[in-house]
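A closer look at the structure
The lines below spell out each chain.
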Amino acid sequence: MSLDRVLQPLVACVGNPVGGNPTQYVMSRLAREAELDWRFFTSQVSEDSLQSAFRGIQALGMAGAAILPPFQMAVQPFLDSLTPRAQALGRVHVVKGEQGTEGGTDRWVGDETLTTAILRALTHRFYKQVSQGELDSENSFSPQTLVVIGDQKLADSLRLGLIDIPGDYQVVCFEELMNPQGSSCHSEPDPSSSRREGTPHDGVPNQAHPLEATSIEESRDGVEFGRQRPVRALIIESIDAMMNAPSHARNRFLKELVWTPHPVGLLVPPAKGWLEDSLLHSEELEVLEQFSLDWIDELDVMVHQAAVNFEFWTGYEPELEGIRESLEEYLQW
């Protein structure tokens with residue numbers, strides 16, 4: 001099979017359910033604006049048909065696919081390799097076929113794009129604060145802390161991504177700060193997993209090898225659990241990870257934290273992409289209002305993730321403003 005046999009690159013968006021997902025709409029508009037002859041389409045696949053669907057993507061010589069819930073873990077056994085961040089996060093958001101080095105065969109690579117989107121959104125906001133005179137560059141990029149309120153896996157993947165952004169940051173989980181000697185971040189089974197996870201396909205052993213432990217452990221070893229580094233941003237994946245702590249201990253702890261001027265709060269889009277989910281936690285988020293956080297909402301993160309996705313497949317870096325307009329129009333948000 002050769003990817004060259006298809007003149008127009010095709011990218012499938014595979015999930016269940018797929019109704020209301022903006023991926024095809026946004027990517028198709030980006031391709032037109034960039035004058036790229038790429039086609040994106042969406043397919044709702046039953047959980048029992050994922051392997052057949054992915055084999056079809058490969059057999060038809062498609063350029064790649066967007067992996068939507070609930071398949072972001074289940075697709076991994078069908079891939080030849082995962083990026084370190086995808087291995088750390090335990091999810092795959094995008095895949096693409098690449099020309100192999102042996103015998104001209106194709107390899108299928110999976111990646112996650114959420115943590116890149118989060119770090120880009122934060123970096124853009126930090127630069128904006130400097131350009132508007134809220135912070136000087138020296139204070140903006142001095143040693144600081146990014147606190148994850150959510151899953152350990154997200155923190156691990158973010159730690160691997162720090163090399164790609166300017167500044168001297170450490171990533172720490174809220175629970176790690178609350179209890180440095182105890183267990184680390186809250187971690188739950190990924191709802192996108194299926195009964196096929198971890199099984200070989202077509203008799204071929206799974207080549208999506210686990211991330212080498214040293215890379216993550218070294219990142220964790222570098223975390224300063226004290227208060228030496230002020231908190232620059234809260235990355236909120238699951239507000240429950242904070243609200244489940246006793247209220248008196250939580251409030252005392254938050255007040256004792258050392259904050260940078262103009263700290264940032266970032267809301268991670270829910271796994272299924274429904275922005276309305278955050279409204280369920282509006283009262284809980286009020287706990288953080290006392291710190292006057294400069295908020296980055298889910299839509300901002302989705303804009304950056306769409307840009308990263310498009311760049312992953314096409315190599316073209318799109319304009320963010322056009323993505324925002326497409327998302328706002330599609331989601332009527």
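All of these numbers come straight from a predicted model, not from anything done at the bench.

Describing the overall build of the protein
Helix and strand counts for the protein stand at 13 helices and 11 strands. By the burial criterion, 51% of the 333 residues in the protein qualify as buried. Looking at the protein alone, contacts between residues at least 24 apart form 81% of all its contacts between residues at least 6 apart.

Thoughts on the packing of aromatic side chains
Enumeration over the complete set of coordinates arrives at 10 aromatic pairs. Plain terms: the ring middles of F126 and Y169 are 5.8 Å apart, the flat faces sit at 35 degrees to each other, and that makes the pair tilted. Here Y169 lies in strand β8 (residues 169-173) and F126 lies in helix α4 (residues 114-131), a separation of 43 residues in the sequence. Classification of Y169 as buried rests on a relative accessible area of 8%.

So, the packing of helix α12 (residues 298-314) against helix α13 (residues 320-331)
The geometry of α12 relative to α13 is characterised by a closest axis approach of 9 Å and an angle of 120 degrees between their N-to-C directions. Comparing their axes, α13 and α12 come out oblique. As for the relative orientation of α12 and α13, their crossing is right-handed in sense. Together, L299, D300, M302, V303, H304, A306 and A307 of α12 and L320, I323, R324, L327, E328 and L331 of α13 make up the contact between the two elements. By residue class, the composition of the contact of α12 with α13 is 9 nonpolar, 1 polar and 3 charged.

Observations regarding the side chain of T123
The residue T123 is located in helix α4 in this model. Only 2.8 Å separates the side chain of T123 from the backbone oxygen of L119, close enough to count as a polar contact. When near neighbours in sequence (up to four residues on either side) are disregarded, T123 contacts I165 and P166.

Points about the pattern of salt bridges
Here the structure, examined in full by the defined rule, presents 11 salt bridges. For R91, the salt bridge identified is with E237, shortest N-O distance 3.6 Å. Separated by 146 residues along the polypeptide, R91 in the loop between α3 (84-89) and β5 (94-99) and E237 in the loop between β9 (231-236) and α9 (240-243) bring together distant segments of the chain. A relative accessible area of 23% places E237 in the partly exposed class. Across the pair D156 and R159 runs a salt bridge, and its minimum N-O distance is 3.1 Å. Highlighted residues: D156 and R159, both in helix α6 (residues 152-161), separated by 3 residues, approximately one helical turn. With relative accessibility at 7%, the residue D156 sits in the buried group. Shared partners join several salt bridges into a network, and the residues in it are R125, D294, D300, R324 and E328.

Notes on the nonpolar core
The tendency in soluble globular proteins is for nonpolar side chains to be buried side by side. Judged by nonpolar contacts, the single largest core of 25 residues is most densely connected at I118, L122, L146, L154, I235 and L266. The dominant element in this core, judged by the number of residues it contributes, is α4, at 7 residues. Other than its neighbours up to four places away in sequence, I118 contacts L154, L158, I235, L266, V268 and V301. V26, A66, V94 and A306 belong to the second largest nonpolar core, which has 23 residues in total.

Digging into the environment of N251
Here N251 shows up in helix α10 (residues 247-256). Remark: the alpha-carbon pair of N251 and L288, spanning 37 residues in sequence, is separated by 9.5 Å.

Examining the side chain of N309
Structurally, N309 is set in helix α12. The residues touching N309, leaving out its near neighbours within four places in the chain, are M27, V94 and T113.

A few points about the environment of G110
Within the fold, G110 resides in strand β6 (residues 106-111). A relative accessible area of 0% means that G110 is categorised as buried. Considered as a pair, G110 and V95 are 15 residues apart in the sequence and their alpha carbons are 4.3 Å apart. Sequence-distant contacts of G110, defined by excluding residues within four places in its chain, comprise L79, S81, L82, T83, A86, V92, V94 and V95.

Here is what the cut-offs are and how they apply
Residues numbered from 1 in each chain as written. Predicted model: local features only at pLDDT ≥ 70, side-chain atom pairs only at ≥ 80, totals over all residues. Heavy atoms only, no water. Helix = DSSP H or I, 4+ residues; strand = E, 2+ residues; numbered from the N terminus. Buried < 20%, exposed > 50% of the residue type's maximum accessible area, 1.4 Å probe, protein only. Contact = heavy atoms within 4.5 Å. Phe/Tyr/Trp six-rings, centres within 6.5 Å; stacked < 30°, edge-to-face > 60°. Axes fitted to C-alpha atoms, helices over the stretch in contact; angles between N-to-C directions. Parallel < 35°, antiparallel > 145°, perpendicular 65-115°, else oblique. Left-handed = near helix turned anticlockwise from the far one by under 90°. Nonpolar A, V, L, I, M, F, W, Y, C, P; charged D, E, K, R; others polar. Polar contact = N/O pair within 3.5 Å; in protein donor to acceptor, adjacent residues only side chain to side chain. Salt bridge = Lys/Arg side-chain N within 4 Å of Asp/Glu carboxyl O. Core = buried A, V, L, I, M, F, W, Y, C linked by side-chain atoms within 4.5 Å.

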